[in-house]
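Close look at the chain arrangement
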Amino acid sequence: MKDKPESNSHSKVPAVPGPTNPMVTPLLNDLYQFTMSYAYWRAGKHQEHAVFDLYFRKNPFGGEYTVFAGLDECIRFIANFKLTEDDICFIRKTLPPSCEDGFFEYLRGIDCSDVEVHAITEGSVVFPKVPLLRIEGPVAVVQLLETPFVNLVNYASLVTTNAARHRFVAGKSKLLLEFGLRRAQGPDGGIGASKYCYMGGFDATSNVAAGKLFGIPLRGTHSHAFVSSFMSPEEIVHKPLCSFDGSTTCEDFVALVQSWLEKIQRSKLLSVGDTNQSELAAFTSYALAFPNDFLALVDTYDVARSGVPNFCAVALALHELGYKAAGIRLDSGDLAYLSGEARKIFCQVEKEFKVAGFGKMTITASNDLNEETLEALNKQGHEVDTFGIGTYLVTCYAQAALGCVFKLVEIKNQPRIKLSEDVSKVSIPCKKRSYRLYGKEGYPLVDIITGENEPSPKVGERILCRHPFIESKRAYVVPQHVEELLKCYWPGASGKQREELPSLGDIRDRCIKQLEQMRPDHMRKLNPTPYKVSVSTRLYEFIHSLWLNEAPVGELQ
Ligand SMILES: Nc1ncnc2c1ncn2[C@@H]1O[C@H](COP(=O)(O)OP(=O)(O)OP(=O)(O)O)[C@@H](O)[C@H]1O
Ligand SMILES: O=P(O)(O)OC[C@H]1O[C@H](OP(=O)(O)OP(=O)(O)O)[C@H](O)[C@@H]1O
Ligand SMILES: O=C(O)c1cccnc1
Ligand SMILES: [Mg+2]
């Protein structure tokens, strides 16, 4: 994994760091992209100017929105696109021996300096059929970008959307931690999940490599292994603990904890019996290691009878020395009920021992959480402040893939269409522009796709927005604000101004802001209202004339 800027070997293109994952090279591709490339070359078509759109057809997770992610990695990929001698040698061995040498000479010379990429800004809320990226350039080169681009955008957008959905259910006030590395689909899945869950609105990750690579805040607690590794308090040999301000030293912190446990046990308000002593030893030992960040996993033996009282004894001992404990984690059982029980005990401790703020102790919950369990917890009422979420989040358990596609829409200035029995799969031809039109209340109303050379929609001017395929579906819109969606992120040889690639933090901010800006009925979990995606009248008529032109007329017998 690398993150430092590289000087791109070819002079015409600006320096952009390589892809995060060094496995992302021109060979991370489907074989058919190379065979097609050869066939274009053999036919003398390889330099023909082609335009492709990358888009998806259906929002994931039964929702009505998607967050676009992966653009930064796509631009890193093309900025550094170069086949090595070794790569060319391998392609030569792989293709049939009849393939002519000239093709390999051609491969040796190609880069993406004459490819132009327009894209929607990463972190934007996006909708089906609207191009996320428009890629144009020599057909044989752009063809080689299909698989890597779709690969870089698919999971990135899916998991960012999944994170955004978890954030939506959890609410703004909760802290969300991504704990998925151990369950992610391999190392790249793990790194990608951490990066894109942060982008989608998570606050931190447990993944140390992602913290180093992307500057994502790192957070963590401890596991059951640490608790069960202790047998008794006698195991703790190093017992002194210096007070928070350094003015005194408690020579036997283990005894101090024990004395606090006895006070808790004597309290009528708390009514605590014997607790598990090996658990107490583990907590005491952890507090000695991290007196400023003491957090305990309290569900190894019995949350209410042992884990929470033991935690309170250690936290009160730390408090006596001027420290503030960080909180508890629950990792099994009924999280609504147990978080409520823990909160009651914390409030009783605050009252009994007059420790201001103890009742507000942070409660973290984990264990197979997903949108549904978060929603169930909300319905029941709970006292959890922080959620640690792994498996369901990073594996995108509710939907395995976002069906992004990469379709040819124009070649040599000639619009192309892909027809299908399934109308939703018919591609929208031509090199296009797209706009988001905002209404009176400030919400986005509709996205409209137009031909490249049509005049743009204007604020205050009524425009007819048509469903791309269904004639009867259309609406007039008078936009209060118009935002052009596709921006130039890689100018190729066009000389256009290149958009800066924003930092991960800026993309995350954009994502959060865009999600908040959506009309609530598009965002709700149950039966959300579809957001409208439309085309201009001119594009509508053009699509349908091309459709009729290309579709053979059947004959009934
Ligand atoms: N109050 C609740 N409402 C709905 N779902 C909950 C609630 N509390 C916990 N859950 C979820 O219920 C599931 C419980 O998991 P499981 O049946 O494996 O039990 P467990 O508590 O993990 O048991 P074990 O002690 O064996 O680890 C988890 O997915 C968890 O997120
Ligand atoms: O549940 P997830 O959403 O995937 O979150 C991550 C899980 O990983 C850890 O334990 P692990 O699951 O490895 O052990 P456990 O099965 O004993 O809980 C942690 O305690 C969480 O339960
Ligand atoms: O820090 C934690 O509590 C953690 C990290 C990864 C997985 N489960 C829990
Ligand atoms: Mg678990």
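Reading guide: rules and limits
Residues numbered from 1 in each chain as written. Chains lettered and ligands numbered in written order. Predicted model: local features only at pLDDT ≥ 70, side-chain atom pairs only at ≥ 80, totals over all residues. Heavy atoms only, no water. UniProt positions renumbered as here; feature names shortened; annotations may be inferred. Helix = DSSP H or I, 4+ residues; strand = E, 2+ residues; numbered from the N terminus. Near = heavy atom within 4 Å. Polar contact = N/O pair within 3.5 Å; in protein donor to acceptor, adjacent residues only side chain to side chain. Areas by Shrake-Rupley, 256 points an atom, 1.4 Å probe, with all protein chains shown as cover. Nonpolar A, V, L, I, M, F, W, Y, C, P; charged D, E, K, R; others polar. Salt bridge = Lys/Arg side-chain N within 4 Å of Asp/Glu carboxyl O. 1 Å grid on protein atoms, 1.4 Å probe; cavity = no way out; pocket = protein on both sides within 12 Å on 5 of 7 lines; lining within 4 Å. Sits in = over half its atoms within 2 Å of the grid points. Buried < 20%, exposed > 50% of the residue type's maximum accessible area, 1.4 Å probe, protein only. Pairing = 2+ DSSP bridges. Contact = heavy atoms within 4.5 Å. Axes fitted to C-alpha atoms, helices over the stretch in contact; angles between N-to-C directions. Arc of directions from axis to C-beta. Core = buried A, V, L, I, M, F, W, Y, C linked by side-chain atoms within 4.5 Å. Domains from an automatic or database assignment. Phe/Tyr/Trp six-rings, centres within 6.5 Å; stacked < 30°, edge-to-face > 60°. Lys NZ or Arg CZ within 6 Å of the ring centre and 35° of its normal.

1. Examining the UniProt feature "domain: Nicotinate phosphoribosyltransferase C-terminal" (unreviewed entry) in the protein
- The UniProt feature table records "domain: Nicotinate phosphoribosyltransferase C-terminal" (unreviewed entry) at residues 431-542.
- What you have in residues 431-542 is 21% helix and 31% strand, and the ends, taken at the C-alpha atoms, are 12 Å apart.

2. Details of the site of ligand 3
- Ligand 3 sits among Phe179, Arg182, Ser206, Gly220, Thr221 and Arg329.
- Within the side chain of Thr221, an N or O atom sits 2.4 Å from an oxygen atom of ligand 3.
- Arg329 has a polar side-chain atom sitting 3.3 Å from an oxygen atom of ligand 3.
- In isolation ligand 3 offers 260 Å² of accessible surface; the protein chains occlude 81% of this area.
- Residue classes in the shell around ligand 3 are distributed as one nonpolar, three polar and two charged.

3. Structural notes on the UniProt feature "domain: Nicotinate phosphoribosyltransferase N-terminal" (unreviewed entry) in the protein
- When the UniProt feature table is mapped onto this chain numbering, "domain: Nicotinate phosphoribosyltransferase N-terminal" (unreviewed entry) sits at residues 27-154.
- Secondary structure within residues 27-154 divides into 42% helix and 17% strand; the distance between the first and last C-alpha atoms comes to 18 Å.

4. A short note on the pattern of salt bridges
- According to the stated counting rule, one finds 30 salt bridges in the structure shown.
- Its salt-bridge partner being Glu341, residue Lys344 comes within 2.9 Å of it at the nearest N-O pair. A residue pair is termed a helical-turn pair when its members lie 3 or 4 positions apart in one helix, as Lys344 and Glu341 do in helix H13 (residues 335-353) at three residues.
- Among the ionic pairs, Glu452 bridges to Arg433, the shortest N-O distance being 3.8 Å. Taken together, the residues Glu452 in the loop between strand S17 (444-451) and strand S18 (463-466) and Arg433 in strand S16 (residues 432-438) connect sequence positions 19 residues apart.

5. Quick word on the site of ligand 2
- Around ligand 2 sit Phe179, Arg182, Arg183, Arg329, Asp331, Asn367, Asp368, Leu369, Ile389, Gly390 and Thr391, and that is every residue in its neighbourhood.
- The contact in question runs from an oxygen atom of ligand 2 to an N or O atom on the side chain of Arg329, over 2.9 Å.
- At 2.5 Å from an oxygen atom of ligand 2 is found a side-chain nitrogen or oxygen belonging to Thr391.
- Its free accessible area being 470 Å², ligand 2 has 72% of it covered by the protein chains.
- When atoms are counted within 2 Å of each cavity's grid points, the one that captures over half of ligand 2 is the second largest pocket.
- Here the shell around ligand 2 is built from residues that sort into three nonpolar, three polar and five charged.

6. Remarks on unusual backbone geometry
- One non-glycine residue, Lys354, lies in the positive phi region at around 50°.
- Tracing the backbone shows Lys354 in the loop between H13 and strand S12 (362-365).
- By relative accessible area, which is 69% here, Lys354 ends up exposed.
- Even without being glycine, Asn527 reaches a positive phi, approximately 45°.
- Structurally, the position occupied by Asn527 is in the loop between helix H17 (520-523) and strand S22 (532-535).
- Here Asn527 falls in the exposed class, since its relative accessible area comes to 58%.

7. A closer look at the sheet that holds strand S21 (residues 487-490)
- Across the sheet, which stays open at both edges, the six strands sit in the order S15-S14-S1-S5-S3-S21 with antiparallel pairing between neighbours. In this open sheet, the two strands that pair with only one neighbour each are strand S15 (414-415) and S21.
- Sheet analysis places strand S1 (residues 49-56) next to strand S5 (residues 133-138), joined by six bridges and oriented antiparallel. Counterpart to Phe52 in the pairing with S5 is Ile135.
- Sitting on the sheet, helix H2 (residues 71-79) touches strand S3 (116-119), S5 and S21, and the angle it makes with S21 is about 45°.
- Contacts from helix H6 (residues 146-170) reach S1, S5 and strand S14 (404-411), with the element oriented near 140° to S14.

8. Quick word on the sheet that holds strand S11 (residues 327-330)
- An order of S7-S6-S13-S12-S11-S10 is seen for the six strands of this open sheet, with the pairing classed as parallel. Two strands bound the open sheet, and with one partner strand each, they are strand S7 (204-205) and strand S10 (295-297).
- With two bridges joining them, S12 and strand S13 (residues 386-389) adopt parallel strand pairing. By the bridge assignment, Thr364 is partnered in S13 with Thr386.

9. A closer look at helix H4 (residues 101-109)
- Those residues of H4 that fall on the buried side of the exposure criterion are Phe103, Phe104, Tyr106 and Leu107. The buried residues of H4 occupy an angular sector of 155° when the element is viewed end-on, so they sit on one face. Every exposed residue of H4 that faces more than 90 degrees away from the buried side is listed here: Asp101 and Gly109.
- Those residues of H4 hidden inside the fold are in contact with helix H1 (31-42), helix H3 (85-94) and helix H5 (139-143).

10. As for the nonpolar core
- In terms of nonpolar packing, the biggest core is built from 163 residues, with Leu133, Phe253 and Phe311 touching the most fellow members.
- No other element matches H6, which puts 11 residues into this core.
- Each of domain 1 (31-162 + 399-550) and domain 2 (240-384) accounts for three or more of the residues forming this core.
- Setting aside residues up to four positions removed in sequence, Phe253 forms contacts with Lys239, Leu241, Thr284, Ala287, Leu288, Val314, Ala317, Leu318 and Leu321.
- Counting seven residues, the second largest nonpolar core, distinct from the first, contains Leu437, Val446, Cys465 and Val477.

11. Description of the packing of aromatic side chains
- In total, this model carries 20 aromatic pairs according to the counting rule given.
- On the numbers, 5.4 Å between centres and 70° between planes, the contact of Phe103 with Phe104 is edge-to-face.
- With a relative accessible area of 1%, Phe104 lands in the buried category.
- Between Phe294 and Phe311, the aromatic rings sit 5.3 Å apart at their centres with planes inclined by 15°, giving stacked as the arrangement. You can see Phe294 sitting in the loop between helix H11 (277-289) and S10 and its partner Phe311 sitting in helix H12 (residues 303-320), a full 17 residues away along the chain.
- Ring-pair connections join several aromatic residues into one group, and the members of that group are Tyr38, Trp41, Phe103, Phe104 and Tyr106.
- For the cation-ring pair, Lys263 lies above Trp260, with the distance from its terminal atom to the ring centre recorded as 3.8 Å.
- The ring of Tyr476 carries Arg462 above its face, with NZ or CZ at 3.6 Å from the centroid.

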